[in-house]
Structures are given as C-alpha cells and as structure tokens.
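Residue-level structure breakdown
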Amino acid sequence: MADTTFLEWPFLEEKHRTLAAKLEAWAQINLPVDHSDVDRACRELVSLLGLAGWLDYTSVNPDTGDAIDVRSLCIIRETLARHDGLADFAFAMQGLGTGALSLFGTLEQQTLLKGTRSGMLVSAFALTEPETGSDAARLATSAEDCGDCYVLNGEKTWISNGGIADYYTVFARTGNIAGAKGISAFMVMADTPGLEVVERLEAVAPHPLAHLRFNHVKVPKSALIGEEGQGFKIAMSVLDVFRASVGAAALGFARRALEESLSRVTSRKIFDAPMADLQMVQGHIADMALEIDAAALLVYRAAWKKDSGAVRITREAAMAKLYATEAGQRVIDQAVQLHGGDGVRRGTIVESLYREIRALRIYEGASDVQKVVIARSVIAN
Ligand SMILES: Cc1cc2nc3c(=O)[nH]c(=O)nc-3n(C[C@H](O)[C@H](O)[C@H](O)COP(=O)(O)OP(=O)(O)OC[C@H]3O[C@@H](n4cnc5c(N)ncnc54)[C@H](O)[C@@H]3O)c2cc1C
C-alpha cells in the first residue's frame, strides 16, 4: 500500500482525502486493463473513467461553470499512474485536449465537454509540428480566413490520442504576424474532411500517438477558441494548469516503484538475510522516500496555489514538473537496481515503469525548458 500521509498536508482538504480513498478503491477493482491492443485499451479506459465520474474532474463543469480543481487533478493522476500508466494517460488527455475549451471556450463551445466528461468523446491537443516542438511559437500550420470559415493546412506530430481521438484542439497561424502573437486555437472534429492520420508513432511505453496532416481542412468561424492571435496564450494557460499534474503522474510511478522495492527487499534474502537489512539497500530506500516527498511537496504546492486563485503558476508548475519527473526517473532507476535481473525483465512492473517515466521528462516542456522558465522567473524577481 502506498504512503498516504501526504493527504494530511495543509495543501489538501477533506474533499481531497475522500476523493483519494474512493478512487483507490475503484482502481483496485478496475485497473489495470489489458494493454495488448493499446487503442482499444485507451477507448475502454476513457469509457470506464467516464462512467465512474472521474472524467468530471478534467474540465470546467459546462452546466455550473465550476472550475477545474488542480489538486483533485493531481490526486487522480498520481493514483491512476500508480495502478496503470495507460489509465493516467487516458484521463490526462481528456483534460489537456479540452483545456482550451475549459479556460477560453464560449458556453456553446463548452457543450462538447459533456461528451469528453462522460467518456463518449476522446480528445487530443495538437500543438507540436515536425519542425517545432520546444519552440512552439514558430509553428507553421496555417488557418486562412475564408469569410465564413477557416481553412487549415499543415502537419502536427507526436499527438497523443492521434488516430483514436474524436476531437482535436489545433493551434494554427492566422494572419501575417510572426511568432506567438500570430497563433490561434481551433476546435476540429476528427471526421472533418482533409484531416488525415499520416502515421502512427510507437514510443518506448505504448500509447496512441500519431502524425497528422491538415489538407484544406475547413472549419466554421465558430470553431475559433478565444480570439484570433490568442492561441499561444491559450496553449500556455492550458499547460500552466496541467503541467503540475504531469509531476503528479511521475509521483504515482515513483510511489509504485517504491512499493515494489519495499516488497522485494523485505521478501528476498541475500547472504542469508533480508535485503532490507543491508545498509546500502536502506540507503536506496531512504533516497527514494525522500525524493518522493520532495516531489509531492512541489506538486501539491503548485496545485494549491492555482486552486487558491493564482492566475498563473508558471514558476511553481515548472518546478513541480521538473523535479517530480527527474526524481521519478531516479527513483525508478533505483527500483530497477534493487530488483536485480528481474528489474530489466520485460513484463515486470519496474521494467514497465522504467519505460513509462521517460517521456514525461520531454513532453509538455522538456526538463531543460523548465529550467529556463524557472531561471527567468528567479532572475526577473
Ligand atoms: C510521448 C509523447 C507524447 C506527446 N504528446 C503530445 C501531444 O499530445 N500534443 C502535442 O502537441 N505534442 C505532444 N508531444 C510533443 C512534445 O511536446 C515535444 O516532443 C516536446 O515539446 C519537445 O519537442 P521536440 O520533440 O520537437 O524536441 P526539440 O524541441 O527539438 O528539443 C529537443 C531537446 O532540446 C533540448 N532543448 C529544447 N529547448 C531548449 C532550451 N530552450 N534550452 C536548452 N535545451 C533545450 C531539450 O533537451 C529537448 O528535449 C508528445 C511527445 C511525446 C514524446
């Protein structure tokens, strides 16, 4: 059983403790699902999570206007990640894919959220392009104003849920302004003519991922989210909300790695004694527990600050994501070490955690980019 003492920290309220207990009970019964067909598994997970009501936490409530509670988002992501990385992915993408609608959509646009919250619609976030990743402000996909519509042309790559999504939030360039100020955000349904899945991408930890092409994709004027030229600000605001939750997912993976390690070192004997009696092994356990608590403090500090009304939490979210993902990698690496040969045997839990954690240090802003963000904020103050 994972350590739950963090739930008593002052960043969290009674509603978070109740949520954690209910989700833990649900996850123990329903997870993990069979991953042999990753597309089918993701659709099944979205449907399961929607049916159980967990996807209600991924967006604003389109009926009441209640905002996203970032601490709930983090608790759910760390719990799901601890049980099944794909369940965390399915949950997170419903939020990231519709974040622009939650934060900037009109009431009419937000009706789509009923579908993503119930698990009927799968959503995706399409920012990255073959030539622009970290430097997203230079993206090239265009959205030409054609009077009563926009026509999108360009390519997007590394799009999570690409190929299985029903709905994409797409970032494209409007007008002639270069850089961030020329970008706008659009709602694009997957069956819109001209939207093509060019290639499915395979990563070390299998998830639905695709390279997309927009070939004269026509969307109505009502598909524009926010105003023309606001797209980069929209993308960064969405990432501001969800970035701390990437740290929470890393935390979930790390907690599972520690759980697996504790079970290993207390049950396995080396040199006629439990591994846990060896002080070098205790050193690993201490390092892991320390990094997990430090990561959790940063994740829940960022989430608490956002829920307390901060407009942006750029520095706190960058610190949470950077530290929790890098520490998660170190914790899992130590777990692999403590498992000896079994640590690298395909199919063991620590082996799959070792593959799962890696991409978190790259997407939604690579670790190096988070350092730049933190340094800029520290220097400016
Ligand atoms: C599994 C996975 C899922 C993804 N899902 C999505 C998605 O759903 N939607 C989406 O739009 N994108 C998605 N991405 C894309 C992801 O956001 C990009 O891969 C990421 O932003 C890095 O861009 P890049 O791959 O082009 O690398 P590059 O931008 O070429 O960067 C390569 C490396 O350069 C270094 N670097 C970059 N900038 C700096 C800097 N300023 N200072 C120092 N070093 C730097 C970093 O080490 C970085 O890893 C996903 C990627 C992966 C791997």
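Residues numbered from 1 in each chain as written. Predicted model: local features only at pLDDT ≥ 70, side-chain atom pairs only at ≥ 80, totals over all residues. Heavy atoms only, no water.

- Per an unreviewed UniProt entry, the protein carries the name Acyl-CoA dehydrogenase family protein and comes from Kordiimonas pumila.
- The UniProt entry for the protein carries this comment under Sequence similarities (unreviewed entry): "Belongs to the acyl-CoA dehydrogenase family."
- Under the heading Cofactor (unreviewed entry), UniProt records this for the protein: "FAD". (UniProt positions renumbered as here; feature names shortened; annotations may be inferred.)

1. Quick word on the site of the ligand
- Taken together, 19 residues surround the ligand, and among them F125, T128, S134, W158 and D368 come closest.
- At a separation of 2.7 Å, an oxygen atom of the ligand approaches a polar side-chain atom of S134.
- Taking D368, its side chain carries an N or O atom lying 2.7 Å from an oxygen atom of the ligand.
- In the complex, the protein chains occlude 66% of the 970 Å² of accessible area that the ligand would expose alone.
- At the level of secondary structure, the elements contributing two or more residues to the shell around the ligand comprise β1 (123-126), β3 (149-160) and α10 (367-380).
- There are two domains that each give the shell around the ligand at least three residues, and those are domain 2 (124-228) and domain 3 (232-380). (Near = heavy atom within 4 Å. Polar contact = N/O pair within 3.5 Å; in protein donor to acceptor, adjacent residues only side chain to side chain. Areas by Shrake-Rupley, 256 points an atom, 1.4 Å probe, with all protein chains shown as cover. Helix = DSSP H or I, 4+ residues; strand = E, 2+ residues; numbered from the N terminus. Domains from an automatic or database assignment.)

2. Focus on the side chain of E291
- With respect to the secondary-structure elements, E291 resides in helix α7 (residues 279-307).
- Among the residues examined, E291 registers a relative accessible area of 12% and is labelled buried.
- Reaching out from E291, the side chain makes a polar contact with the side chain of R330 at a distance of 2.7 Å.
- If we ignore the near neighbours within four places in the chain, the residues touching E291 are Y323, A327, R330 and V331. (Buried < 20%, exposed > 50% of the residue type's maximum accessible area, 1.4 Å probe, protein only. Contact = heavy atoms within 4.5 Å.)

3. Some details on helix α4 (residues 85-104)
- The first and last C-alpha atoms of α4 sit 29 Å apart over 20 residues, in line with the 28 Å expected at 1.5 Å per residue.
- The largest bend along α4 measures about 55° and falls at T98.
- For α4, a buried count of 18 out of 20 residues is recorded, marking the element as mostly surrounded by other parts of the structure.
- The backbone nitrogen of L86 lies 3.1 Å from a side-chain oxygen of the residue at the head of α4, namely D84. (Expected span 1.5 Å × (residues − 1). Bend = angle between axes of the 7 residues up to and from the residue.)

4. Focus: the packing of aromatic side chains
- For the structure shown, the criterion picks out six aromatic pairs.
- A centroid spacing of 5.6 Å and a plane angle of 50° characterise the contact between F11 and W304, whose relative ring orientation is tilted. Of this pair, F11 sits in the segment before α1 (14-30) while W304 sits in helix α7; the two residues are 293 residues apart in sequence, bridging distant segments of the chain.
- Exposure remark for W304: the relative accessible area of 36% places this residue in the partly exposed category.
- Through a chain of ring-to-ring contacts, three or more aromatic side chains come together here, namely F6, W9 and Y300.
- Directly above the ring of Y150 sits K221, whose terminal nitrogen or CZ lies 5.2 Å from the centroid.
- Just above the ring of Y323 sits the side chain of R330; from NZ or CZ to the centre is 5.8 Å. (Phe/Tyr/Trp six-rings, centres within 6.5 Å; stacked < 30°, edge-to-face > 60°. Lys NZ or Arg CZ within 6 Å of the ring centre and 35° of its normal.)

5. With respect to the side chain of R255
- Its place among the elements puts R255 in helix α6 (residues 231-267).
- For R255, a relative accessible area of 5% gives the class buried.
- Apart from residues no more than four positions distant in its own chain, R255 is found in contact with A2, D3, F6, E78, R82, I292 and A296.

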